[in-house]
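# What the coordinates show
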Amino acid sequence: MAFKPANNIQDLQYFGEFGGVNPSISDSSTYTFLSAKTMFDTFEGNADGCYLYSRHSSPSNLYLGEALAAMEGTETANVSASGMGAITPTLMQLCDAGDHIVSSRTIYGGTYAFLKNFTPRFNIETSFVDITKLDVVEASITKNTKVIFCESVSNPLLEVADIKGLAEIAKRHNITLVVDNTFSPLSISPAKLGADIVIHSLTKFINGSSDTVGGVVCGTQEFIDALRNVNDGASMLLGSTMDSLRSASVLKNLRTLHIRMQQHSLNASYLAEKFEQDGLKTVYPGLASHPSHDLFKSMMNEKYGFGGMLTIDVGSLDKANELMEMMQKKNLGYLAVSLGFYKTLFSAPGSSTSSEIPEEEQEAMGLSDGLIRFSIGLDADIERTYQMMRECMESLNILKAEMV
Ligand code: PLP
């Protein structure tokens, strides 16, 4: 591959105003103008390099946005106070009343709830489809469709979207492909595969320290300017702005993302292989048994691996809960939602992060009660982690006897 996502971050040069190796943090909500005319021009969007008000933009937010745009290979980016604060204004900006969205049916529960329950209030309807079936996606497009929405690797089922294939469909129908890349930063670069807009919940791998929520929309200058427009920009008017102190700290964490992703991927890949050998129903894009293993391979930036997320199915919610409680007691990770932490996190999505999705729909998409979603941590000794997890599973009779 010709592009080097992480190196593009390393290549950026931001000095602080006093020569600090980190840029100074902009600690102002508002900015002075030497002339009233420049203030007017800034409101009109015609005064490059001038800051108006921090809900619109701030130096710290721009630094973080530019680093993320460099990572994703887009012209620019806009950071927000949460991942939902990136997703919701993007979709509201792209759609008017009467418009239609085609979305993957396996997406984060909050995004699903927004599309299923909230946007219909504005007469924006969504068809939820199996995103791995390109013919089904295309057949769902109507004359009112404005957006195809998916996650590169879906939460929680780890379905993989064929971004090139979806981009071709989107182009043919003149609609916008929006990809949430939260589960696969660096491993997959959706914009380079044809996505128009790439979104992240920074809360997860990118920040990596589970100390804040945050989000970003990466796209063209034209689209990001539209989001920030003082008259009709959804980010500007809905107001989900990241605080400058926070964006400065996320930028510092971003610089080690390439190393962290490699370790998350190595550890997850080790555990996935072991769990599968033990006879557990294991889903991980790095396993040859994953239905989209070859597709992921064809899209990935190889050195970052297949990511840190895997799922196993232990048969029932009771068993899943018992196992998670035991693993937490043994300090193998935390029973917590979210992902991308240095410590392994595990949860049963059906009763937590995907609980917004009605039970019968969970069943139709293959989200079973006994599913445990793991965000694998940065453990220095993953063999030991595996042995201890295996002991927990054996003591709860989770491993099939003939396989052990
Ligand atoms: N996208 C994905 C794939 C997620 O997993 C999440 C949160 O879990 C979000 C978006 C929403 O992000 P946030 O919680 O930062 O608003």
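Everything numeric in this text was worked out from a predicted model, so none of it was measured.

## A closer look at the environment of I206
For I206, the location among the structural elements is in the loop between β6 (197-201) and β7 (215-219). Overall, the relative accessible area of 1% leaves I206 in the buried class. Setting aside its immediate chain neighbours within four residues, I206 contacts L68, M71, P185, H200, N253, L254, L257 and R260.

## With respect to the packing of helix α4 (residues 84-94) against helix α5 (residues 109-118)
Packing of α4 against α5 leaves a shortest axis separation of 11 Å and a crossing angle of 30°. Classified by the angle their axes make, α4 and α5 are roughly parallel. The two elements α4 and α5 cross, and the hand of that crossing is right-handed. Two secondary-structure elements touch here, α4 through M84, I87, T88, L91 and M92 and α5 through G110, T111, F114 and L115. Split by residue class, the contact of α4 with α5 holds six nonpolar, three polar and no charged.

## Focus: the domain arrangement of the chain
By domain assignment, the chain separates into domain 1 (5-254) and domain 2 (257-403). Listed per partner, the contact involves 39 residues of domain 1 and 40 residues of domain 2. Taken over both partners, the interface formed by domain 1 and domain 2 buries close to 3,300 Å², and the fraction arising from carbon and sulfur atoms is 65%. Its largest share of buried area at the contact with domain 2, domain 1 owes to L158, S187 and F205, together 21% of the area lost on that side. Viewed at the interface, domain 2 and domain 1 are joined by one salt bridge.

## Brief notes about the environment of I224
With respect to the element layout, I224 can be found in helix α8 (residues 221-228). Accessibility expressed as a relative area gives 0% for I224, which makes it buried. Once the C-alpha coordinates of I224 and S235 are considered, the two residues, 11 residues apart in sequence, prove to be 9.0 Å apart. Not counting the four nearest positions on each side in its chain, I224 is found in contact with T76, A77, N78, V217 and G219.

## Observations concerning empty space enclosed by the protein
Summary: where empty space remains is shown by rolling a probe the size of a single water molecule over the atoms. Tallied over the entire structure, the rule returns two cavities of 30 Å³ or more. Reported here for the largest cavity is a volume of approximately 140 Å³. Lining the largest cavity we find 21 residues, and of these R55, H56, N78, V79 and S235 sit closest to its centre. Contributions of two or more residues to the lining of the largest cavity are made by α3 (59-72), β1 (76-80), α4 and α9 (234-238). Here the lining of the largest cavity is built from residues that sort into seven nonpolar, 12 polar and two charged. Of the volumes computed, that of the second largest cavity is approximately 40 Å³. Around the second largest cavity, the lining residues are V153, L158, F183, P285, F296, F306, G307, G308 and M309. Residue composition of the lining of the second largest cavity, by class: seven nonpolar, two polar and no charged.

## Remarks on the layout of surface pockets
Quantified by volume, the largest pocket comes out at close to 520 Å³. Around the largest pocket, the lining is made up of 22 residues, and of these G45, D48, H56, D225 and R228 lie nearest the centre. Elements with a minimum of two residues in the lining of the largest pocket: α2 (36-43), α3 and α8. Here the lining of the largest pocket takes three residues from α8, the largest share from any one element. Here the residues of the lining of the largest pocket sort into seven nonpolar, 10 polar and five charged.

## Points about the sheet that holds β7
Pairing within the open sheet is mixed, and its seven strands lie in the order β1-β7-β6-β5-β4-β2-β3. In this open sheet, the two strands that pair with only one neighbour each are β1 and β3 (125-129). Strand-to-strand twist across the sheet, computed as the mean angle between neighbouring axes with direction ignored, equals 20°. Packed onto the sheet, helix α7 (residues 163-172) meets β4 (145-151) and β5 (176-180) and runs at close to 155° relative to β5. Where α8 meets the sheet, it contacts β1, β6 and β7, and its direction lies at approximately 30° from that of β1.

## Re the packing of aromatic side chains
Evaluated as defined, the whole model comprises 12 aromatic pairs. Judged by centre distance (6.3 Å) and plane angle (50°), the ring pair of F275 and Y386 falls under tilted. With a gap of 111 residues between them, F275 in helix α11 (residues 257-277) and Y386 in helix α15 (residues 382-395) connect regions that are remote in the sequence. For the pair shown, F275 and Y386 are each scored as buried. With a centroid separation of 6.4 Å and an interplanar angle of 65°, the aromatic rings of Y284 and F306 are classed as edge-to-face. Of the two residues, Y284 sits in the loop between β8 (281-283) and α12 (293-299) while F306 sits in the loop between α12 and β9 (309-313), which places them 22 residues apart along the sequence. In terms of burial, Y284 and F306 fall into one category: buried. Aromatic rings pair up to connect Y270, F275, F346, F374 and Y386 into one cluster. The ring of Y108 carries K204 above its face, with NZ or CZ at 5.9 Å from the centroid.

## What about the pattern of salt bridges?
For the structure shown, the criterion picks out 11 salt bridges. The residue R172 makes a salt bridge to E138 at a minimum N-O spacing of 2.9 Å. Here E138 lies in helix α6 (residues 134-139) and R172 lies in helix α7, a separation of 34 residues in the sequence. The class for E138 is partly exposed, based on a relative accessible area of 26%.

Definitions and limits used
Residues numbered from 1 in each chain as written. Predicted model: local features only at pLDDT ≥ 70, side-chain atom pairs only at ≥ 80, totals over all residues. Heavy atoms only, no water. Helix = DSSP H or I, 4+ residues; strand = E, 2+ residues; numbered from the N terminus. Buried < 20%, exposed > 50% of the residue type's maximum accessible area, 1.4 Å probe, protein only. Contact = heavy atoms within 4.5 Å. Axes fitted to C-alpha atoms, helices over the stretch in contact; angles between N-to-C directions. Parallel < 35°, antiparallel > 145°, perpendicular 65-115°, else oblique. Left-handed = near helix turned anticlockwise from the far one by under 90°. Nonpolar A, V, L, I, M, F, W, Y, C, P; charged D, E, K, R; others polar. Domains from an automatic or database assignment. Buried area = accessible area lost by both parts, 1.4 Å probe. Salt bridge = Lys/Arg side-chain N within 4 Å of Asp/Glu carboxyl O. 1 Å grid on protein atoms, 1.4 Å probe; cavity = no way out; pocket = protein on both sides within 12 Å on 5 of 7 lines; lining within 4 Å. Points joined across faces, edges and corners; volume = space filled by probe spheres on them. Pairing = 2+ DSSP bridges. Phe/Tyr/Trp six-rings, centres within 6.5 Å; stacked < 30°, edge-to-face > 60°. Lys NZ or Arg CZ within 6 Å of the ring centre and 35° of its normal.

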